[in-house]
Amino acid sequence: MQLVLFGVVFVLICFAFVVLFGAPYVPTLSPQVKTALDLIDLKKGQTLLELGSGDGRVLRAAAQRGLLAIGYELNPLLVVYSRLTTWKYRKQVRIVWGNFWNVQLPECDGVFVFLLDRYMRRLDQKITKQARGKTKLVSFAFEIPGKRYAKRRGGLFLYLYD
Ligand SMILES: C[S@@+](CC[C@H](N)C(=O)[O-])C[C@H]1O[C@@H](n2cnc3c(N)ncnc32)[C@H](O)[C@@H]1O
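In this report, the structure presented in the accompanying data block is examined. Note that residues are indexed from 1 along each chain, following the sequence as it is written. Per-residue local features are limited, in this predicted model, to residues with pLDDT of at least 70; the limit for side-chain atom pairs, both in listing and counting, is 80 or more; totals at the level of whole chains, interfaces and linings are taken over all residues.

With respect to the nonpolar core
At step 1: A set of buried Ala, Val, Leu, Ile, Met, Phe, Trp, Tyr and Cys residues, joined through C-beta atoms within 7 Å, is what we mean by a nonpolar core. Note on burial: count the other C-beta atoms lying within 10 Å of the residue's C-beta; 20 or more is buried, 12 or fewer is exposed, in between is partly exposed, and C-beta positions come from the backbone. Ala36, Leu48, Ala62, Ala69, Phe112 and Val138 are the most contacted members of the largest nonpolar core, which totals 34 residues.
At step 2: In DSSP terms, a helix is any run of H or I states spanning at least four residues, a strand is any run of E spanning at least two, and both are numbered starting from the N terminus. With five residues, helix 2 (residues 30-40) is the largest single contributor of residues to this core.
At step 3: The residues contacting alanine 36, other than those within four sequence positions of it, are Val58, Phe112, Val138, Phe140 and Leu156. Whether two residues are in contact depends on their C-beta atoms, placed from the backbone: they are in contact if these lie within 7 Å.

Observations concerning helix 3 (residues 57-64)
At step 1: Of all the positions in helix 3, only Val58, Leu59, Arg60, Ala62 and Ala63 are classed as buried.
At step 2: In this fold, the buried residues of helix 3 make contact with helix 2, strand 1 (47-51), strand 2 (68-73), helix 4 (76-85), strand 3 (93-97) and strand 4 (110-113).
At step 3: Just downstream of helix 3 lies glycine 66, where phi reads positive at about 85 degrees.

Section: the sheet that holds strand 1
At step 1: Spatially, the seven strands line up as an open sheet ordered 3-2-1-4-5-7-6, and their pairing is mixed. Strands with a single pairing partner mark the edges of an open sheet, and in this sheet they are strand 3 and strand 6 (151-153). For this sheet, the mean angle separating the axes of adjacent strands, direction not counted, is 20 degrees.
At step 2: As judged from the three bridges shared by strand 6 and strand 7 (residues 156-161), these two strands associate in the antiparallel manner. Along strand 7, the bridge assignment pairs arginine 153 with leucine 156.
At step 3: Against the sheet, helix 5 (residues 120-130) contacts strand 4, strand 5 (135-140) and strand 7, and its axis sits at roughly 165 degrees relative to strand 5. One bridge is not enough; two strands pair if DSSP finds at least two bridges between them. Every axis corresponds to a line fitted to the C-alpha atoms, with the helix fit spanning only the stretch in contact, and the corresponding angles, defined between N-to-C directions, vary from 0 to 180 degrees.

Topic: the pairing of strand 7
Consecutive side chains of a regular strand alternate in pointing toward one face of the sheet and then the other.
At step 1: Relative to strand 7, strand 5 is paired through six bridges, and the arrangement is antiparallel. Looking at the pairing, valine 138 lines up with leucine 158 of strand 7.
At step 2: Connecting strand 6 to the antiparallel partner strand 7 that follows it, the hairpin turn spans two residues, and glycine 154 within it adopts a positive phi of roughly 60 degrees.

Here you go:
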């Protein structure tokens, strides 16, 4: 009984503490994952970076399109789960356990995020400062305040950085 209680508390902590650093876990639904990848339009062999990669569904869909994919995820349970569900694509997909605000962005051609309104300005500053070369950003649900998007499809916004 104590073990079950400990397990439940551990799971709750894993999902709850993340809100101190970013958006809580809410997965993007399949139609929006497809639209996001269509919108970002990366070519085979290019790299998609996902900041807050959740259960790995976007990384998996990207790998299925022949992309390389890197995910940063803070929740250790989601890191383990997504490593298992992307195992088949392990040569293309890398999932890093950590806080993406604290790392230098790795080289990539496109970034996908599903965060919260209050993090969008900080994200814009981070990408402007750290992106190497032309980079596309697709944000699900939230716009960058004061920045013009290049395209919009449904609730997805495409931004371009030079
Ligand atoms: C709204 S969910 C989106 C999940 C996934 N991107 C998707 O679209 O299905 C946000 C995810 O970001 C993770 N997250 C939030 N803040 C983070 C941070 N600072 N570093 C790494 N991951 C973070 C959460 O644990 C959660 O899985």
